[in-house]
Each structure stands twice: as structure tokens, then as C-alpha cells.
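# Breakdown of the fold
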Amino acid sequence: MNKNYFKCEEFSSHIDSNVAVKYIHNLKNIKLFEGFSEESLMLFLSSIKSKLLKLKKGDIVFNEGENFSSLCVLLEWEILPTNSDEFGNRNIIDVIKENQMFAEVFSFTSRKESPVTAQANSNSTIFLIDTAELISIGNDDQNLVDKHIIISNLLNIFADKNLILLSKIEVLSRRNIREKIMRFLEGQKEKSGKSIFEIPYSRKDMADFLGVDRSALSRELSRLKEEKIIDYDKNSFKIL
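Cut-offs used in this document
- Residues numbered from 1 in each chain as written.
- Predicted model: local features only at pLDDT ≥ 70, side-chain atom pairs only at ≥ 80, totals over all residues.
- Heavy atoms only, no water.
- Pairing = 2+ DSSP bridges.
- Helix = DSSP H or I, 4+ residues; strand = E, 2+ residues; numbered from the N terminus.
- Axes fitted to C-alpha atoms, helices over the stretch in contact; angles between N-to-C directions.
- Contact = heavy atoms within 4.5 Å.
- Core = buried A, V, L, I, M, F, W, Y, C linked by side-chain atoms within 4.5 Å.
- Buried < 20%, exposed > 50% of the residue type's maximum accessible area, 1.4 Å probe, protein only.
- Phe/Tyr/Trp six-rings, centres within 6.5 Å; stacked < 30°, edge-to-face > 60°.
- pLDDT = per-residue confidence, 0-100.
- Parallel < 35°, antiparallel > 145°, perpendicular 65-115°, else oblique.
- Nonpolar A, V, L, I, M, F, W, Y, C, P; charged D, E, K, R; others polar.

We now examine the sheet that holds strand β4 (residues 79-84). For sheets, the rule is that strands pair by backbone hydrogen bonds, running either parallel or antiparallel. Read across the sheet, four strands follow the order β2-β7-β4-β5 without closing on themselves; strand pairing throughout is antiparallel. Edge positions in the sheet fall to β2 (60-62) and β5 (90-92), since each of these pairs with one other strand and no more. For this sheet, the mean angle separating the axes of adjacent strands, direction not counted, is 35°. Strands β4 and β5 of the sheet are contacted by helix α6 (residues 203-210), whose axis makes an angle of about 90° with β5.

As a further point, take the sheet that holds strand β8 (residues 124-130). Strand order in the open sheet formed by four strands is β1-β8-β3-β6, and the pairing between neighbours is antiparallel. Edge positions in the open sheet fall to β1 (50-55) and β6 (100-102), since each of these has one partner strand only. Taking the axes of each pair of neighbouring strands and ignoring which way they run, one obtains an average angle of 25° across the sheet.

A few words now on the environment of Lys189. For Lys189, the location among the structural elements is in helix α5 (residues 177-192). In sequence terms Lys189 and Lys238 are 49 residues apart; their C-alpha atoms lie 8.2 Å from each other. Those residues within four positions of Lys189 in sequence are excluded, and the remaining contacts are Lys194, Ser195, Phe197 and Ile239.

Ranked by size, the top nonpolar core spans 23 residues in total, and within it Phe184, Leu185, Met206, Leu210 and Ile230 carry the most contacts. When neighbours within four sequence positions are excluded, Leu185 is seen to be in contact with Phe197, Ile199, Ile230, Phe237 and Ile239. By size, the runner-up hydrophobic cluster in this structure holds 21 residues, among which are Phe36, Phe44, Leu71 and Leu75.

Any two aromatic rings considered together are summarised by their centre-to-centre distance and by the angle between their planes. In total, this model carries ten aromatic pairs according to the counting rule given. Measuring from centroid to centroid gives 6.0 Å for Phe108 and Phe158, while their planes differ by 70°, and the two rings are edge-to-face. Of this pair, Phe108 sits in the loop between β6 and β7 (117-120) while Phe158 sits in helix α4 (residues 144-172); the two residues are 50 residues apart in sequence, bridging distant segments of the chain. Under the relative-accessibility criterion, Phe108 is labelled partly exposed at 23%. An aromatic cluster is built from Phe62, Phe68, Phe102 and Phe106, whose rings are joined through pairwise contacts.

Before going further, it helps to spend a moment on the confidence of the model for the protein chain. Taken residue by residue, the protein chain gives an average pLDDT of 85. The fraction at 70 or more is 89%. This stretch, residues 7-14, has a pLDDT under 50; its non-local contacts, to residues over four places away or in other chains, come to 26 contacts.

This part covers the pairing of β7. By the bridge criterion, two bridges tie β2 to β7 in an arrangement that is antiparallel. Residue pairing across strands places Ile60 opposite Gln119, the latter belonging to β7. Bridge analysis of β4 against β7 gives four bridges, and the strand direction is antiparallel. The partner of Leu80 across the bridge, within β7, is Gln119.

Okay, the packing of α5 against helix α7 (residues 214-226) next. Direction vectors running N to C along α5 and α7 enclose 70°, while the axes themselves pass 10 Å from each other. Taken together, the axis directions place α5 and α7 in an arrangement best described as roughly perpendicular. Across the interface between the two elements, Ile177, Arg178, Ile181 and Met182 of α5 pack against Ala216, Leu217, Glu220, Leu221, Arg223 and Leu224 of α7. Here the residues of the contact of α5 with α7 sort into seven nonpolar, no polar and three charged.

This is the structure:
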């Protein structure tokens, strides 16, 4: 097991109220809690199993292949979900930024087996919620209305995640490095809504995301710039 592995499945009965107050604005702004006021969200979170984690850069939240039954909300900094192929090459699946959720798909499956390793890319703060309790509904459940809202929001989130996955498949299915780069950059431009846009990856991470060799990626980026198809400065890009 990675020496930076951080076991985080031990829940308190509910999150400390002072902690909830500090991060309640972040939590209210994620799609999962759409429709909640800050007051109603505070009451809801105080009644379910949850936990706040403080991670150092390099700490592992969970490993690929591990059973993990918690929904995670990143409150501060950045998490990288990755997996490895049969040759040990790292593939970056996504970059999780502040106020984004992760592990919300597989943690609801029957096996709850993670297809990725989630590692802190910098010192990070994560909020975990026990998924079984989040959607369990009983006749005497005091949170019945709130949980119906949660389930409705989750359906929308899963649909959005599916579209993101299809977008990545579209990038990776391109025949060569140039086509992968251009489709990736077009997607980043569409996402930003700006002609000049920032990508969330270093060159190494971009290569891992696209599943290509880093040197080959750098050469192709240079050719595209020389041919005046794109322009870039570090992580800032423009399609010409």
C-alpha cells in the first residue's frame, strides 16, 4: 500500500457544526445540494454520517480496485483520479477542482469498487458522506423530502458525468496525436467559452490524459504552433 495512503472510511456520527459553518457555502453551491438553503443544508448534514479530511500533497484518498462507499466533495485545492494500464503507465482520468464531487458514481454501485486511484495534487480538504445513508429512505425518516431532492440531483449529476465520459472517449478514439490534441483543445475552448483558454494540465499530465508519449506530445504541439494552427504559452492556448 502507498505510504501516503490515507484511510478515511471511519465516520463520526455527524460533522462538527463549526466545520459545517466554515464550508457550508462551498457545499451549498455544488449540484448535489441544489434546492437547499444554507440553514436546511446545515440541518441535513448534521443528521447524517459525514467526515472532513485534511490531506497533504501525495496522500491517497482511495486506491484503484479498493471498495469505497463514500461520496466526496473537494472543498479546497485539487485531486487527480488516475489508473494504470497493464504496462504500468499512468492515465489521468480528470482533474477534480474545488467544489466538485468525485467517487459519486462507483460508490453507489453494488460492488463499490473504485476504477481509479484518487491522489491529492496539493494540500487538500475533502468532505465525505456515507452514500448508503444518503439515499436510504424509511417510513419514519425525518429527511424524506431532503433525500428525494438529493436523489433527483444525483440523477442529473450522473447524466452529466456520462456526457463527460463520452467526450473523453471521443478524444481518445482519434487516430493520431494531432487529432487527439486538437479535439482536446476544442473541448477545452468550448468549456471555457473564451478564445484564449487555460488547460488544467502540465505537459506530463496532458500526455497521461491523452494516453500519448510526453516527448511526442511536445513535438506535435511545436509543429502545430509553427504551422500557425494553434498558439500557446505554458498552459494558455488559442486555436487560430
